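# A structural walkthrough
Listed below are the residues making up each chain.
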Amino acid sequence: MLLSCGDALIDFLPSKTADGREALTPAVGGSCLNIAIGCARLDVPTGFVGGIANDTFGKMIADHALNSAVDLRFATRSDRQATLAFARVTGTETQYAFYDADTASRNWVYWRDAIALGGVECIHTGSTTLVHDRGAAETLALIEDARPSATISLDPNCRPNLVKDKEAYRARMMTFCGKADIVKMSDVDFAYLFGDEPYADRAEKLLSDGSSLVVVTRGNHGACAWPHQTGLIEVDAPVVKVVDTIGAGDSFQAALLAALHRLGRIDRQRLRDITAAELKRALSFACKCAAFTCTRAGADPPRSRELPVDYW
């Protein structure tokens, strides 16, 4: 099983009423929940670890996850309200205003011994959960317990408008990078964390600190990756008609993990031995799934049955 640990929330997406007025449409989101859903839809047994409210929005979140076959038995259900995020699309980027004070997503608890970690192949984490002290501490405790047997995946998915102290946040991200076997970030996240530093220089540092795979996604310019054994691998992104880019990065990460699982390379040691051809195939699949997600509104990653045979 794969586990995705982190945020689950409701996105309010820009839309129009029948008479053309501005409106907002609620949709289930949250980077880590999106990744759990994306993996499960690609036929990988996947569970979600994090806080889910018991309110109306929390029910939407739980129903959406269960309808995609995500295992919620490790989620923390709470009477606190759900996190809400209001999206604004500017060009190819989506900006968010978050309402998450004292929410279920911020107050989840990792109960030791409640998760049979021996049956977990990979744990993914990142995004808003790591901004807040409690969420970061609970996530770190889970990772420390899981690392002896599970591969750790990280996507910082930075949300600068939630960060109060950038240097402290950056230091925290470096702590999590030091625990991760797979570090994936967008070019925007990279710039926020590392400025103008060349991708290859930072990848080399992360690999020397113990990571096995570093990936930077570059929107319609595809992705580049640095594995443990070989040099730079680059893949292109398909050209599609974009509805919006919400959830594209999450769909990429879900598809990458699903591809590594399918190739038998999700295990830490087998990941370190991945061939250039295998990694290029996995990255290409991830780019195609991300592009597919861009063709429809919101974070709506593809199901296996929706994908053309040539995607894999």
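Quick summary incoming for the structure in this document.

### A few points about the overall build of the protein chain
Along its length, the protein chain carries nine helices and 14 strands. Each of the three principal axes of the protein chain carries a C-alpha extent, and together these read 55 × 45 × 40 Å. Across the 312 residues of the protein chain, 56% fall into the buried class. Contacts in the protein chain between residues at least 24 apart in sequence constitute 69% of all its contacts with a sequence separation of at least 6. As displayed, the protein chain has an accessible area near 13200 Å², and 51% of this comes from carbon and sulfur atoms. One finds the centroid of the 34 positive side-chain charges in the protein chain at a distance of 2 Å from the centroid of its 39 negative side-chain charges.

### Points about the packing of aromatic side chains
Per the counting criterion, the structure on display carries eight aromatic pairs. A centroid spacing of 6.2 Å and a plane angle of 55° characterise the contact between Tyr169 and Tyr192, whose relative ring orientation is tilted. Placement of Tyr169 in helix α4 (residues 166-179) and of Tyr192 in helix α5 (residues 187-194) is noted, with a sequence separation of 23 residues between them. Residue classification places Tyr192 among the buried residues on the basis of a relative accessible area of 18%.

### What to know about the packing of α4 against α5
Put simply, α4 and α5 touch, their axes get as near as 10 Å, and they point 115° apart. The residues of α5 that touch α4, namely those facing Lys166, Tyr169, Arg170, Met173 and Met174, are Tyr192, Leu193 and Phe194. Of the residues that constitute the contact of α4 with α5, the class distribution is six nonpolar, no polar and two charged.

### Brief notes about the pattern of salt bridges
Using the criterion set out here, one finds 18 salt bridges in the structure. A salt bridge links Arg106 to Asp100, with the shortest nitrogen-to-oxygen separation between them at 3.8 Å. Across the pair Glu197 and Lys205 runs a salt bridge whose closest N-O atoms are separated by 3.2 Å. Residue Lys205 is classed as partly exposed on the basis of its relative accessible area, which comes to 41%. Salt bridges here are not isolated pairs; linked through shared partners, they connect Arg41, Arg296, Asp300 and Glu306.

### Let's talk about the state of the cysteines
One way to say it: the disulfide is the covalent bond shared by the sulfur atoms of two cysteines. Evaluation of the coordinates by the stated rule reveals zero disulfides. Not engaged in a disulfide, the cysteine Cys5 finds its nearest cysteine sulfur in Cys32; these two sulfurs lie 6.7 Å apart. Of the cysteine sulfurs around Cys289, a residue in no disulfide, the closest is that of Cys287, at 9.6 Å. By relative accessible area, which is 1% here, Cys289 ends up buried.

### Some words on the packing of helix α3 (residues 133-146) against α4
Angle between the axes and distance between the axes: these two values describe a pair of packed helices. Put simply, α3 and α4 touch, their axes get as near as 11 Å, and they point 15° apart. Taken together, α3 and α4 sit at an angle that is classed as roughly parallel. The chirality of how α3 crosses α4 is left-handed. Note on element contacts: α4 touches α3 through Arg172, Phe176 and Lys179, opposite Asp133, Ala136, Thr139, Leu140, Ile143 and Glu144. Its residues placed into classes, the contact of α3 with α4 shows four nonpolar, one polar and four charged.

### Some words on the pairing of strand β9 (residues 122-126)
Summarising burial for β9: five of the five residues are buried, a large majority. Burial along β9 is two-sided: Cys122, His124 and Gly126 facing one way and Ile123 and Thr125 facing the other are all buried. As defined by bridge partners, strand β1 (residues 2-5) adjoins β9 across four bridges and the pair is classed as parallel. Its bridge partner lying in β9, Leu3 is registered against Ile123. Note that β9 and strand β10 (residues 151-155) share five bridges and pair parallel. The partner of His124 across the bridge, within β10, is Ser153.

### Comments concerning the environment of Ile61
Structurally, Ile61 is set in helix α2 (residues 56-67). When the C-alpha positions of Ile61 and Leu9 are compared, they lie 7.0 Å apart, and in sequence the two are 52 residues distant. Residues contacting Ile61, with those up to four places away along its chain left out, are Ala8, Leu9, Ile10, Val28, Leu33 and Ile52.

### A look at the sheet that holds strand β12 (residues 213-217)
Across the sheet, eight strands lie side by side as β4-β1-β9-β10-β11-β12-β13-β14; this open sheet has mixed pairing. The sheet is open, and its two borders are formed by β4 (46-49) and β14 (233-235), each paired with just one other strand. Across the sheet, the mean angle separating the axes of adjacent strands is 15° when strand polarity is ignored. As paired elements, strand β13 (residues 223-227) and β14 share three bridges and run antiparallel to each other. In the strand pairing of β14, Ala225 is matched with Ile233. Across the face of the sheet, α5 comes into contact with β10, β11 (182-186) and β12 while running at roughly 100° to β11. Against the sheet, helix α9 (residues 276-294) makes contact with β12, β13 and β14, and its axis sits at roughly 30° relative to β14, the strand it touches most.

Reading the values: rules and limits
- Residues numbered from 1 in each chain as written.
- Predicted model: local features only at pLDDT ≥ 70, side-chain atom pairs only at ≥ 80, totals over all residues.
- Heavy atoms only, no water.
- Helix = DSSP H or I, 4+ residues; strand = E, 2+ residues; numbered from the N terminus.
- Buried < 20%, exposed > 50% of the residue type's maximum accessible area, 1.4 Å probe, protein only.
- Contact = heavy atoms within 4.5 Å.
- Areas by Shrake-Rupley, 256 points an atom, 1.4 Å probe, with all protein chains shown as cover.
- Lys, Arg positive; Asp, Glu negative; His and termini not counted.
- Charge placed at Lys NZ, Arg CZ, Asp CG, Glu CD.
- Phe/Tyr/Trp six-rings, centres within 6.5 Å; stacked < 30°, edge-to-face > 60°.
- Axes fitted to C-alpha atoms, helices over the stretch in contact; angles between N-to-C directions.
- Nonpolar A, V, L, I, M, F, W, Y, C, P; charged D, E, K, R; others polar.
- Salt bridge = Lys/Arg side-chain N within 4 Å of Asp/Glu carboxyl O.
- Disulfide = S-S within 2.5 Å.
- Parallel < 35°, antiparallel > 145°, perpendicular 65-115°, else oblique.
- Left-handed = near helix turned anticlockwise from the far one by under 90°.
- Pairing = 2+ DSSP bridges.

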